[in-house]
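# Secondary and tertiary structure notes
Single-letter residue listing:
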Amino acid sequence: MDRPEQAHDIEETAARVVARGAARGVSIAVAESLTGGLVASTLVRTPGASAVLRLGVVAYATEMKGSVLRVPAALLAERGAVDPDVAIAMAHSVRELAAIDRGACTIGVATTGVAGPDGQDGHAPGEFHVGLVVATRDGLVAEHASRIVPGDREHVRAAAVRTALELLDAALDRTDLDVHSGSTP
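The notes below deal with the structure included here. The model shown is predicted, which means the values in this text are computed figures rather than measured ones.

What counts, and where the lines are drawn
- Residues numbered from 1 in each chain as written.
- Predicted model: local features only at pLDDT ≥ 70, side-chain atom pairs only at ≥ 80, totals over all residues.
- Heavy atoms only, no water.
- Helix = DSSP H or I, 4+ residues; strand = E, 2+ residues; numbered from the N terminus.
- Contact = heavy atoms within 4.5 Å.
- Areas by Shrake-Rupley, 256 points an atom, 1.4 Å probe, with all protein chains shown as cover.
- Lys, Arg positive; Asp, Glu negative; His and termini not counted.
- Charge placed at Lys NZ, Arg CZ, Asp CG, Glu CD.
- Core = buried A, V, L, I, M, F, W, Y, C linked by side-chain atoms within 4.5 Å.
- Buried < 20%, exposed > 50% of the residue type's maximum accessible area, 1.4 Å probe, protein only.
- Pairing = 2+ DSSP bridges.
- Axes fitted to C-alpha atoms, helices over the stretch in contact; angles between N-to-C directions.
- Salt bridge = Lys/Arg side-chain N within 4 Å of Asp/Glu carboxyl O.
- Expected span 1.5 Å × (residues − 1).
- Polar contact = N/O pair within 3.5 Å; in protein donor to acceptor, adjacent residues only side chain to side chain.

### Quick notes on the overall build of the chain
- Tallying secondary structure elements over the chain gives 6 helices and 5 strands in all.
- Helices and strands appear in the chain in the N-to-C order α-β-α-β-α-α-α-β-β-β-α.
- Sequence separation of at least 24 residues holds for 69% of the intrachain contacts in the chain that already meet a minimum separation of 6.
- By element, 54% of the accessible surface of the chain is carried by carbon and sulfur atoms, the whole surface being about 7900 Å².
- Of the charged side chains in the chain, 17 are positive and 24 negative, and the gap between their average positions amounts to 5 Å.

Here it is, written out as structure tokens:
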């Protein structure tokens, strides 16, 4: 995925997210395009991930972002799949999907972008966006991180995984998370 020391950092961040999320009763849902399941897989490598991870969806094709994750067709038509608002819409939808049987999921996170080697819809290889939607006591809060990183496909995908995990870790610093008793298994 990345150089050994960087892969170790990613694993440490994932373990921290799982431990902190479990301790707080937080649930997480992941929607992935660019990373093709690597965010969910990285979380799952940590023992105890089932206490936190509720759902992982890989919607690689643009039409799947619309039909499965309900990203608005107008947004996809206007901006394409490589867009921060698309990442936020994916995160919002996967969070809702994960809450289907319990009525609550704390955090949705999503990745979309271009791993390369070629560009897509006018976006250069290495561009990616990570969306995050967090349930707080005052309502939903959405944010995103956008990056352009040089390197081959695996380097770009690893950078997107790292960014997603860092956003999750930072979200767990919030003191206003809306955690429901039904959020954990």
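### Regarding the nonpolar core
- Counting residues in hydrophobic clusters, the biggest one holds 36 residues, and the most contacted among them are Ile 28, Leu 43, Ile 107, Val 109, Phe 128, Leu 132 and Leu 168.
- If you list the elements that add at least two residues to this core, you get helix 1 (4-24), strand 1 (28-32), helix 2 (38-44), strand 3 (107-113), strand 4 (127-136) and helix 6 (153-171).
- Filtering out sequence-adjacent residues up to four positions away, Ile 28 remains in contact with Val 17, Val 52, Leu 53, Arg 54, Leu 55, Cys 105, Ile 107, Val 109 and Leu 168.
- One finds Ala 31, Ile 88, Met 90 and Ala 91 within the second-largest nonpolar core, a separate group that totals 20 residues.

### Considerations on the sheet that holds strand 2 (residues 53-58)
- Spatially, the 5 strands line up as an open sheet ordered 2-1-3-4-5, and their pairing is mixed. Taken across any chain shown, the strands that pair with only one partner, and hence form the sheet edges, are strand 2 and strand 5 (139-148). For this sheet the average axis-to-axis angle between neighbouring strands, irrespective of direction, equals 10 degrees.
- Across 7 bridges, strand 3 lies against strand 4 in antiparallel orientation. Directly across from Thr 111, in strand 4, lies its bridge partner Val 130.
- Those strands touched by helix 6 are strand 1, strand 3, strand 4 and strand 5, and its axis lies near 20 degrees from that of strand 4.

### Focus on the pattern of salt bridges
- Tallying each qualifying case throughout the model produces 10 salt bridges.
- Measuring nitrogen to oxygen at the nearest pair gives 2.2 Å for the salt bridge that ties Arg 79 to Asp 85.

### A short note on helix 5 (residues 84-98)
- An ideal rise of 1.5 Å per residue puts 21 Å on 15 residues; helix 5 measures up with 21 Å between its terminal C-alpha atoms.
- Counting buried positions over the 15 residues of helix 5 gives 11, a clear majority of the element.
- Buried within helix 5 are the following residues: Pro 84, Val 86, Ala 87, Ile 88, Ala 89, Met 90, Ala 91, Ser 93, Val 94, Arg 95 and Ala 98.
- The N-cap residue of helix 5 is Asp 83: its side-chain oxygen and the backbone nitrogen of Asp 85 are 2.8 Å apart.

### Considering the pairing of strand 4
- Taking burial as the measure, the 10 residues of strand 4 include 10 buried ones, the bulk of the element.
- Residues Glu 127, His 129, Gly 131, Val 133 and Ala 135 point to one face of strand 4 and Phe 128, Val 130, Leu 132, Val 134 and Thr 136 to the other, with burial holding for every one of them.
- Here strand 4 hands over to strand 5 after 2 residues, the two strands then running antiparallel side by side.

Everything listed here is a matter of coordinates, which is why it stays silent on function.
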